[in-house]
Amino acid sequence: MLRFIVRRLLQAIPTLLILSLLVFTWLRSLPGGPAGALLGDKATPEKIADLNRLLGLDQPVFIQYFKFLGRVLTGDFGSSLVSGEPVLAEIGRALPATVELSLAALLFAVVLGIPLGYLAASHRGRFLDNTTVIGTLVGVAVPVFFLGILLKQLFAQDLALFPPSGRQDVTIDPTHVTNFAVLDGILTQEWDASIDALWHLVLPAMALGTIPLAVIVRITRASVLDVLNEDFVRTANAKGLQGAVVRRRHVLRNAMLPVSTTIGLQTGLLLGGAVLTERVFVWGGLGSLLAQGIERRDYPRLQALLLLAAVVYVVVNLLVDISYAIIDPRVRTS
């Protein structure tokens, strides 16, 4: 297993280098370039040329790239053009909000998606199966931001069951330890703060988790249907094994390979969905930072956030590969 993990880690290095090259190239191809963004309304051709010389942007591109790579490796992303704060400090402050929202959305999708997909496959062609298939089609088709607006209008404004925005009520003065609102409430035993944070999580997590939920249900259903028709499942049933044993040992375990891939891919995509969800619910996480960075052409913030997203994708895929090896030992030797 260790050799398998080391091999996957080594394969991740060229992937990250290619992604860093793409981010570097894209940011320098944007209109105005970094110097134009830094100068803003005061930009003139002479001032842009002077600043390019000062920042080394007039040097050959490959030298700029290696200098950029060196700064990335030392964690130096510069300061935000919007707030003037170090970019890493901004990200460190906003990251817990996005991670908390993404984990809640993923938990919502996985806990509901796998059992629902299994039940739909077990009742193939019946009412539950047909209803599930139609529901997943609707779930995939509705955009995240539109679903967020609908949930907010119905459950927050019309029925007043959940708060419409924010991470916690403004009347609560919680103690911040990790900046994870729910976790901080548990660690400090401020149960009202923890419950309030959970209450604020419900609608954003549902909005962000609906598309992953629909996809996981569909993949689980299709995967379970494939495995149910396999000879080893019929053999297990013919041997008189209990239904629960057949489901756990033979059906679910073999059906989980494509499902784990889907969960990994959806985890990466949650970051993209978080941009829109955080906007609708005024969440204040990385999505809000990214949207503001695009609007204001904040190059230091954009390059840090894009590289962070790339690292998250690579790490999630690495975890998916490791889960493959755990579920199916044959993968380790392939």
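As annotated in an unreviewed UniProt entry, the chain carries the name ABC transporter permease and comes from Saccharothrix syringae. Entered under Sequence similarities (unreviewed entry) in the UniProt record, the comment concerning the chain runs "Belongs to the binding-protein-dependent transport system permease family." Within the UniProt record for the chain, the comment given under Subcellular location (unreviewed entry) is "Cell membrane".

Caption draft 1: Structural view of the UniProt feature "transmembrane region" (unreviewed entry) in the chain. Under the feature "transmembrane region" (unreviewed entry), the UniProt entry names residues 9-27, 101-121, 133-155, 197-217 and 304-327. Each end of residues 9-27 is marked by a C-alpha atom, and these two atoms are 27 Å apart; helix forms 100% of the span and strand 0%.

Caption draft 2: Summary view of the packing of helix α5 (residues 87-122) against helix α12 (residues 286-296). Their axes nearest at 7 Å, the elements α5 and α12 cross at an angle of 130°. With respect to each other, α5 and α12 are oriented oblique. Contacts between α5 and α12 pair Glu90, Ile91, Ala94, Leu95 and Thr98 from the former with Leu286, Gly287 and Leu289 from the latter. Class assignment for the residues of the contact of α5 with α12 results in five nonpolar, two polar and one charged.

Caption draft 3: Seen up close, helix α9 (residues 191-228). A rise of 1.5 Å per residue sets the reference length of α9, with its 38 residues, at 56 Å; its end C-alpha atoms lie only 45 Å apart and thus fall more than 12% short of the reference. The largest bend in α9 amounts to roughly 45° and is located at Gly209, with the proline Pro212 lying one to four residues further along.

About the criteria used
- Residues numbered from 1 in each chain as written.
- Predicted model: local features only at pLDDT ≥ 70, side-chain atom pairs only at ≥ 80, totals over all residues.
- Heavy atoms only, no water.
- UniProt positions renumbered as here; feature names shortened; annotations may be inferred.
- Helix = DSSP H or I, 4+ residues; strand = E, 2+ residues; numbered from the N terminus.
- Axes fitted to C-alpha atoms, helices over the stretch in contact; angles between N-to-C directions.
- Parallel < 35°, antiparallel > 145°, perpendicular 65-115°, else oblique.
- Contact = heavy atoms within 4.5 Å.
- Nonpolar A, V, L, I, M, F, W, Y, C, P; charged D, E, K, R; others polar.
- Expected span 1.5 Å × (residues − 1).
- Bend = angle between axes of the 7 residues up to and from the residue.

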